[in-house]
Amino acid sequence: MTRADTVQAGQGGAGHEDPGARTWRARTLRAVRAASRPGPWKRGPVLAVSAVLLGLVLLLHARITGRGGLGSLVETFLPWFGLFVPAVLAGALWRRSASAVIALLLPVVVWLNLFGGLLGDKSHPGGDLTVAEHNVGDANPDPAGTARHLVASGADVLALVELTERARGTYEKDLARAYPYHAVRGTVGLWSKLPLSDTRPVDVKMDYGPLGDTKPADVKMTYNRALRTTVATDRGPLAVYVAHLGSVRVLPGKGFWTDRRDRGAKALAEALAAERNKRVVLLGDLNGTVDDRALAGVASRMRSAQAEAGNGFGFTWPARFPVARIDQILVRGVRPDSAWVLPATGSDHLPVAARISW
């Protein structure tokens, strides 16, 4: 071998790396990369924090500020906050974040504690009386058709709110055969198969301040929104309240405006507290859910027929895609056996009904 061949061979040997050394280096690099990656408990911190915040909103909703109606707004749509759970769960699984999955236990447990009881069907056979309520809508294009639908429900006692002068005659005419007794005070009325007595308006503070005090009673009666009457049943007298509390508004710069509704809820709660009859039913569009803090005075004195004997949430508004139950049947001194939502009419609200017994 020549000297040149020897040199060339030496250079080739120096450029050839040992396979074992190359494998060792690759393993070291993989180990470094693995060590530098966040583990399953460190992945998705934003998702974990979001899950905790969701749980706290559900748990502490009563402590959310009422300024601008924020608390009422949150509580009106509180059940829908549960939809954030599968969204966060999907993100946690995609990120393989163990911490986010564990954090989701908080909102899941709280949501089930709040609303889990509404998921099943709690109705059972029986009942002495069927009551129903419907906000018939002041813009309802077919009051005659609405009346036919309500007669078909078979209700013994039927409350209508948001009656207009234009449509009132239609309801009185088309409901007369099925309901020989009825009473109307302003924009609310009650139709009954059983005799009525002691009917009177209930002041839910639609007028407020000195200006309201100057209006004569006959003027106020044209837009009165609540009444109280007694239904004579074969089990004894039943006090029935019909109410349509003030609407809520979303106003620029003022947020979720609920002042009129809140005043009405307080006045209605006072009327219910003063009621001497042991058996009471409240039928109406309260423009709020029973979870809404503004209705706490009413809800604390009454029980929801839907919550005790219904199937599901029983959302009633808006009729085309209901997202909240603001039409209520609340009871005291009687037992709800079943509660349900009736088919849509020409109104933007769905009617509700319940069977009650003594």
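Because the structure is predicted, anything quoted here is derived from the model rather than measured. (Residues numbered from 1 in each chain as written. Predicted model: local features only at pLDDT ≥ 70, side-chain atom pairs only at ≥ 80, totals over all residues. Heavy atoms only, no water.)

### Overview of the pattern of salt bridges
Then comes step 1: Applying the stated rule across the entire model yields twelve salt bridges.
Then comes step 2: Here R293 makes a salt bridge to E75, at a shortest N to O gap of 3.1 Å. Taken together, the residues span a long stretch of sequence, with R293 in the loop between β10 (280-285) and α13 (296-299) and E75 in helix α4 (residues 70-76) at a distance of 218 residues.
Then comes step 3: Accessibility expressed as a relative area gives 28% for R293, which makes it partly exposed.
Then comes step 4: Between D198 and R228 there is a salt bridge, and its shortest N-O distance comes to 3.2 Å. With a gap of 30 residues between them, D198 in strand β5 (residues 196-201) and R228 in strand β6 (residues 226-233) connect regions that are remote in the sequence.
Then comes step 5: Through salt bridges with shared partners, a single network forms among D198, R200, R228 and E275. (Salt bridge = Lys/Arg side-chain N within 4 Å of Asp/Glu carboxyl O. Helix = DSSP H or I, 4+ residues; strand = E, 2+ residues; numbered from the N terminus. Buried < 20%, exposed > 50% of the residue type's maximum accessible area, 1.4 Å probe, protein only.)

### What to know about a nonpolar patch on the surface
Then comes step 1: On the surface, a cluster of nonpolar side chains totalling about 550 Å² of accessible area is made up of V49, V52, L53, L56, L59, L60 and L106.
Then comes step 2: Ranked by residues supplied to the nonpolar patch, first place goes to helix α3 (residues 45-59) with five residues.
Then comes step 3: By the element assignment, V52 lies in helix α3. (Patch = residues over 30% accessible without salt bridge, like charges linked within 9 Å, V, L, I, M, F, W, Y side chains within 5 Å. Areas by Shrake-Rupley, 256 points an atom, 1.4 Å probe, with all protein chains shown as cover.)

### Describing the nonpolar core
Then comes step 1: V131, L190, L238, V242, L283 and I356 are the most contacted members of the largest nonpolar core, which has 22 residues in total.
Then comes step 2: Elements represented by at least two residues in this core include exactly β1 (129-135), β2 (157-161), β4 (188-192), β6, β7 (236-244), β10, β12 (327-332) and β14 (352-357).
Then comes step 3: If sequence neighbours within four positions are ignored, V131 has contacts with V157, L283, I329, V352, A353, A354 and I356.
Then comes step 4: Counting residues in hydrophobic clusters, the runner-up holds 20 residues, among them L268, L272, M302 and L330. (Core = buried A, V, L, I, M, F, W, Y, C linked by side-chain atoms within 4.5 Å. Contact = heavy atoms within 4.5 Å.)

### A short note on the pairing of β14
Then comes step 1: Among the six residues of β14, five are classified as buried, and the element is accordingly described as predominantly covered.
Then comes step 2: Looking at chain direction, β1 and β14 are connected through five bridges and run antiparallel. Bridged to L129 within β14 is I356. (Pairing = 2+ DSSP bridges.)

### Focus on the packing of α3 against helix α5 (residues 84-95)
Then comes step 1: Running from amino to carboxyl end, α3 crosses α5 at an angle of 160°, the nearest separation of the two axes being 10 Å. On the basis of their axis angle, the class for α3 and α5 is roughly antiparallel. Relative to α5, the crossing made by α3 is left-handed. Judged by residue contacts, L47, A51 and L54 of α3 engage F84, V85, V88, G91, A92 and R95 from α5.
Then comes step 2: For the contact of α3 with α5, the class distribution of residues is seven nonpolar, one polar and one charged. (Axes fitted to C-alpha atoms, helices over the stretch in contact; angles between N-to-C directions. Parallel < 35°, antiparallel > 145°, perpendicular 65-115°, else oblique. Left-handed = near helix turned anticlockwise from the far one by under 90°. Nonpolar A, V, L, I, M, F, W, Y, C, P; charged D, E, K, R; others polar.)

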